[in-house]
Structures are given as structure tokens and as C-alpha cells.
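Chain by chain, the residues:
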Amino acid sequence: MFGYVVMNKPEMKFKDFDLYRSFYCGLCRELREKYGISGQISLTYDMTFVVILLSGLYEPPTRKGTTRCIMHPVQKQQVRKNAITEYAADMNLLFTYYKCVDDWKDEKKYSRLGYAKLLERKNASLVKQYHKKTETIINLLDQLSCWEKAGETDIDKMAGCFGKIMEEIFAYREDEWECSLRRMGFYLGKFIYLLDAYEDVEKDKESGSYNPFSKDYIMEGFEEKVRQILIMMLAEACREFEKLPIIKYADILRNILYSGVWVRFETVSQKRREVQEKKENVRSI
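Please read these numbers as outputs of a predicted model, since none were measured by experiment.

A short note on the packing of helix H2 (residues 45–58) against helix H9 (residues 250–258)
Here is step 1 of the chain: Taken N-terminus to C-terminus, the directions of H2 and H9 make an angle of 140 degrees; their axes are 10 Å apart at the nearest point. As summarised for this structure, H2 and H9 are arranged oblique, according to the angle between their axes. You can see that H2 and H9 cross each other, and the crossing is left-handed. Contact residues: H2 offers Phe49, Ile52 and Leu53, while H9 offers Ile252, Leu253, Ile256 and Leu257.

In C-alpha cells:
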């Protein structure tokens with residue numbers, strides 16, 4: 001995952017920010033304890049959202065504590081951990097490993113191969129524990145890679161494939177909430193894929209890398225077209241979220257879903273407008 005499912009800090013209450021950070025630090029600590037530093041550096045905000053979402057839904061017993069780390073060597077940080085933190089750490093490592101393997105196959109990036117080698121032994125035990133999820137994630141990444149090589153232009157098809165990966169990660173249990181969690185994960189996954197493609201389109205065009213927006217980004221109205229697609233994806237994800245009986249951490253989750261996820265889009269959009277304005281100013285001189 002790519003770090004798009006983030007909070008909007010200026011719009012969040014101090015107590016909610018401290019709570020959010022304690023789950024983030026808890027996931028970071030869990031990755032370090034289970035998988036070492038190589039596992040810890042795979043930490044993402046996206047998976048922190050999964051921890052808070054599932055913790056709010058299932059309300060498992062949660063352990064509280066404090067810890068020091070390289071990022072905060074002086075002041076101890078609050079941490080919260082529970083069974084879902086462990087699950088999220090496993091999913092984080094599982095996805096990261098197979099994404100690295102996939103990137104190596106597609107782009108021959110030695111950095112991705114090296115990181116995959118570091119995670120290989122740690123991932124082996126997860127394959128047995130999450131056999132069905134592992135098989136699903138591998139097959140979907142292979143399918144995504146195949147379509148990318150073929151130059152697939154169906155944006156919804158590509159985003160949907162990645163959405164199914166997120167769907168599998170969101171499905172923590174086979175219970176009455178599985179359907180809503182799967183749909184929520186599916187549409188949020190599509191949002192992540194599309195936003196990542198939107199952010200990287202110029203870079204990918206220059207390097208010759210695959211991007212589903214390559215033919216569209218120079219067209220008039222591209223920005224608004226992407227915005228409307230993203231709005232539709234989030235509307236579906238939020239609709240499923242509101243079906244879930246979540247009271248704990250609901251304010252944090254709504255901050256992320258209704259505001260935080262737009263932070264990166266607005267940042268990228270603003271930069272592009274500034275670049276375009278500079279170009280127009282140069283032409284007018």
C-alpha cells in the first residue's frame with residue numbers, strides 16, 4: 001500500500017490524534033518485535049487505518065503501554081496493541097513481500113529484490129497461517145502485472161483488481177460483517193490504486209512505465225475527471241463503513257475517510273496548478 005489513507009491532522013482533536021498515534025506506534029512496535037527492522041520499515045498509514053477500523057468494530061482487549069524508538073528517543077510514546085494489531089502486522093508483511101517480488105519481476109529493481117530476500121524467511125510462516133489469503137493476493141498481483149504488460153486501458157478493471165487485494169485484507173473474519181468489510185476494502189483499494197496512478201502519471205509517462213492515465217492526463221478536464229472517479233469510490237466505501245456498528249474510534253475513522261484521504265490529492269493537484277501557472281507566465285513574457 002502507498003500511504004494514502006491518512007488522517008487530516010489540523011481537523012482532528014488532540015485526544016483523537018494521540019489515540020491514532022498510539023495505534024500507529026503499536027503497529028510499528030509489533031512489526032519490529034515479530035519481524036525485526038526489515039519488517040518495521042514496511043509500516044504504512046493505510047494498515048494503521050485497518051487496525052483502528054477493525055478494533056472499533058470488534059473491540060478486542062487492547063493493551064496499553066509506552067515505548068521509546070529511534071524516531072522518539074527522548075520522550076516515551078503511548079502504544080496500543082491487540083489481536084488485530086498482530087493480524088495487521090502479518091498482512092502488512094505478506095503484502096509487502098509479494099509486492100516486492102512482483103516489482104522485481106516487472107521492473108527488475110534490485111532494491112525490491114533485496115528487500116524481498118530480507119522478508120522471505122519471515123513470510124514463509126505466514127503462507128501456512130494465511131494460505132487462502134496468500135493464494136488470492138499472489139493471483140491478483142499476477143493478474144495485475146499481466147494486464148499492465150498488455151497495456152490494459154480499462155481503468156476500472158485495473159483498479160478493481162487491486163481493490164480485490166484490499167478486500168481480502170479487510171476481511172478479518174467470516175461473519176455478519178464480512179460482506180461490508182469486503183466491499184469497503186474493495187472500493188478503498190480502487191481509490192488507492194487510482195490516486196497512486198494520478199500522482200505518478202507524469203513520472204511514469206517520462207520513464208515509459210505503465211500508467212492507466214497515460215493517454216488522458218494531457219486532456220482538458222483530466223483533473224476533474226479523476227476527482228469525480230475518486231469521489232464515487234469513496235462514496236461506496238463510506239456507505240459500507242456507515243453500515244458497521246462502530247462507536248469506538250468513529251471520529252478518527254470519519255476524519256480519515258471524509259477528509260484525510262483527500263490530503264495527497266489536493267497536494268498533488270496544487271503542485272500541478274503551480275507548475276502550469278509558471279509555464280503560462282513564461283509564455284506570456
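Comments concerning the environment of Asp175
Here is step 1 of the chain: Inspection of the secondary structure puts Asp175 in the loop between helix H6 (155–170) and helix H7 (178–207).
Here is step 2 of the chain: For Asp175, a relative accessible area of 23% corresponds to the partly exposed category.

Describing H2
Here is step 1 of the chain: Between the first and last C-alpha of H2 there are 20 Å, a value that for 14 residues agrees with the 20 Å anticipated at 1.5 Å per step.
Here is step 2 of the chain: The buried count for H2 comes to 13 of 14 residues, which makes it a mostly enclosed element.

Structural notes on the pattern of salt bridges
Here is step 1 of the chain: Scanning the entire structure with this criterion turns up 25 salt bridges.
Here is step 2 of the chain: Glu168 is the salt-bridge partner of Arg182, the closest N and O atoms lying 3.3 Å from each other. Placement of the pair is Arg182 in helix H7 and Glu168 in helix H6, with a sequence separation of 14 residues.
Here is step 3 of the chain: One salt bridge connects Glu242 with Arg254, and the closest N-O pair in it is separated by 2.8 Å. With Glu242 in helix H8 (residues 222–243) and Arg254 in helix H9, this pair connects stretches of sequence that are twelve residues apart.
Here is step 4 of the chain: Three or more residues joined by partner-sharing salt bridges are found here, namely Lys133, Glu167, Glu168, Glu178 and Arg182.

Describing the nonpolar core
Here is step 1 of the chain: In terms of nonpolar packing, the biggest core is built from 88 residues, with Phe49, Leu53, Met184 and Phe213 touching the most fellow members.
Here is step 2 of the chain: Considering each element in turn, this core owes the most residues, 13 residues, to H7.
Here is step 3 of the chain: Residue contacts for Leu53: discarding those within four places in its chain leaves Phe170, Leu181, Met184, Phe241, Leu244, Ile246 and Leu253.

Let's talk about the state of the cysteines
Here is step 1 of the chain: One pass over the full model with this rule turns up zero disulfides.
Here is step 2 of the chain: Its sulfur unpaired, Cys100 is 17 Å from the next cysteine sulfur, which belongs to Cys28.
Here is step 3 of the chain: What makes Cys100 buried here is its relative accessible area of 0%.

Looking at the packing of aromatic side chains
Here is step 1 of the chain: Tallied over the full model, the rule gives 16 aromatic pairs.
Here is step 2 of the chain: When the centroid spacing of 5.1 Å and the interplanar angle of 55 degrees are considered together, the rings of Trp104 and Tyr110 count as tilted.
Here is step 3 of the chain: Between Lys108 and the ring centre of Trp104, over which it is positioned, the NZ or CZ distance is 4.9 Å.
Here is step 4 of the chain: Against the face of Tyr58 rests Arg173, its NZ or CZ located 4.5 Å from the ring centre.

Comments concerning the packing of helix H5 (residues 131–149) against H6
Here is step 1 of the chain: Between H5 and H6, whose axes approach to 9 Å, the crossing angle comes to 165 degrees. As far as their axial angle goes, H6 and H5 are roughly antiparallel. Two packed elements cross with a definite hand, and for H5 against H6 that hand is left-handed. In this structure, H5 uses Lys133, Thr136, Ile137, Leu140, Leu141, Gln143, Leu144, Trp147 and Glu148 to contact H6, whose residues at the interface are Lys157, Met158, Cys161, Phe162, Lys164, Ile165 and Glu168.

What to know about the side chain of Asp196
Here is step 1 of the chain: Topologically, Asp196 is positioned in helix H7.
Here is step 2 of the chain: An unpaired buried charge is present at Asp196: no salt bridge exists, and Arg264, the closest side chain of opposite charge, is 6.2 Å distant.
Here is step 3 of the chain: Not counting residues up to four positions away in its chain, the partners in contact with Asp196 are Phe2 and Tyr4.

Focus: unusual backbone geometry
Here is step 1 of the chain: Even without a glycine there, the phi angle at Glu59 is positive, about 45 degrees.
Here is step 2 of the chain: With respect to the helices and strands, Glu59 occurs in the loop between H2 and strand S1 (63–67).
Here is step 3 of the chain: One non-glycine residue, Tyr249, lies in the positive phi region at around 65 degrees.

Analysis parameters
- Residues numbered from 1 in each chain as written.
- Predicted model: local features only at pLDDT ≥ 70, side-chain atom pairs only at ≥ 80, totals over all residues.
- Heavy atoms only, no water.
- Axes fitted to C-alpha atoms, helices over the stretch in contact; angles between N-to-C directions.
- Helix = DSSP H or I, 4+ residues; strand = E, 2+ residues; numbered from the N terminus.
- Parallel < 35°, antiparallel > 145°, perpendicular 65-115°, else oblique.
- Left-handed = near helix turned anticlockwise from the far one by under 90°.
- Contact = heavy atoms within 4.5 Å.
- Buried < 20%, exposed > 50% of the residue type's maximum accessible area, 1.4 Å probe, protein only.
- Expected span 1.5 Å × (residues − 1).
- Salt bridge = Lys/Arg side-chain N within 4 Å of Asp/Glu carboxyl O.
- Core = buried A, V, L, I, M, F, W, Y, C linked by side-chain atoms within 4.5 Å.
- Disulfide = S-S within 2.5 Å.
- Phe/Tyr/Trp six-rings, centres within 6.5 Å; stacked < 30°, edge-to-face > 60°.
- Lys NZ or Arg CZ within 6 Å of the ring centre and 35° of its normal.
- Lys, Arg positive; Asp, Glu negative; His and termini not counted.

Remember, this is a structural readout, not a statement about activity or role.
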